[in-house]
Every structure is written in structure tokens, then in C-alpha cells.
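A structural walkthrough
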Amino acid sequence: AAPFISKKLIQYHGISNPSPGFVQRVTQAFISGTFVSGGVTFGNFKYGNLKAVAAAITLDPESLSPVVDEDPASGNIREPLLKVIQFMRSL
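Right, let's walk through the structure included here. Just so it is clear, the structure is predicted and the values come from calculations on it, not from any experiment.

Core analysis: the biggest nonpolar cluster contains 14 residues, and Ile10, Phe22, Val26, Phe35, Val53, Ala56 and Ile57 have the highest contact counts within it. For this core, the elements supplying multiple residues, two or more each, are α1 (2-12), α2 (20-32) and α3 (50-59). Those residues within four positions of Ala56 in sequence are excluded, and the remaining contacts are Phe22, Val26, Ala29 and Phe35.

Counting across every chain of the model gives 2 salt bridges. A salt bridge links Asp60 to Arg25, with the nearest nitrogen and oxygen atoms 2.6 Å apart. A residue pair is termed long-range when its members are at least 10 positions apart, and Asp60 in the loop between α3 and α4 (61-64) and Arg25 in helix α2 qualify at 35 residues. In this structure Arg25 comes out as partly exposed when scored by relative accessible area, which is 36%. One salt-bridge network, held together by shared partners, links Arg25, Asp60 and Glu62.

What counts and what doesn't
For every chain, the first residue of the written sequence is number 1, and numbering continues from 1 onward in sequence order. Residues qualify for local features only when their pLDDT is at least 70, as the model is predicted, and side-chain atom pairs are given and counted only at 80 or more; totals for whole chains, interfaces and linings, by contrast, use all residues. Note: side-chain values were computed over all heavy atoms of the structure, leaving out hydrogens and water. By nonpolar core is meant a set of buried Ala, Val, Leu, Ile, Met, Phe, Trp, Tyr and Cys residues that side-chain atoms within 4.5 Å join together. The rule is simple: take the accessible area with a 1.4 Å probe, protein chains only, and divide by the maximum for that residue type; under 20% is buried, over 50% is exposed, in between is partly exposed. Think of it this way: any DSSP run of H or I at least four residues long counts as a helix, any run of E at least two long counts as a strand, and we number them from the N terminus. Contacts are assigned to residue pairs that have any heavy atoms within 4.5 Å of one another. We count a salt bridge whenever a side-chain nitrogen from Lys or Arg sits within 4 Å of a carboxyl oxygen from Asp or Glu.

Okay, structure coming up:
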């Protein structure tokens with residue numbers, strides 16, 4: 001259940017096709033209830049802590065890397081396509 005929830009939360013935050021490593025890191029934060037970045041600990045060590053999961057999603061190197069944004073295989077292709085389809089339907 002944790003990988004499914006983690007992947008859905010990542011997709012909700014804008015990455016349509018997250019890498020398996022990204023999903024694994026967020027899943028680990030979900031299971032352990034904690035995430036450490038730059039010496040700061042997020043969460044309270046309880047399973048499913050959303051503060052730790054949100055920190056894992058936003059502070060993950062894959063989320064912060066501008067190089068990943070240029071890679072068409074990294075995701076975010078679905079949202080622009082949906083905008084075009086929505087625009088075409090409104091005509």
C-alpha cells in the first residue's frame with residue numbers, strides 16, 4: 001500500500017512518471033515516518049507521517065534537479081496534453 005500511495009502523491013505534485021528510485025525514497029519516508037535532509041529531520045517516526053512524505057517529495061534530488069525537467073521521459077507530459085484537450089473541448 002505504501003508504494004501505491006507514494007506514487008499517487010508524487011503524481012499529484014506534478015511528476016507524471018516518477019522513477020522507481022524516487023518512489024522508493026518516498027515510500028521509505030512513508031514507512032519509517034521520518035525524512036532527513038541537510039541535518040533537519042521531518043516527521044515523528046510514525047508510519048504514514050505526511051510531513052515526512054511531503055518533505056521527501058519536495059526535497060528529493062530528483063524534484064530539485066533542473067536537468068530532470070529537460071528530460072521528456074521524466075514525466076509532466078500528460079498535463080500539457082490534458083490542457084490542450086480541455087481547450088479543444090471548450091471550442
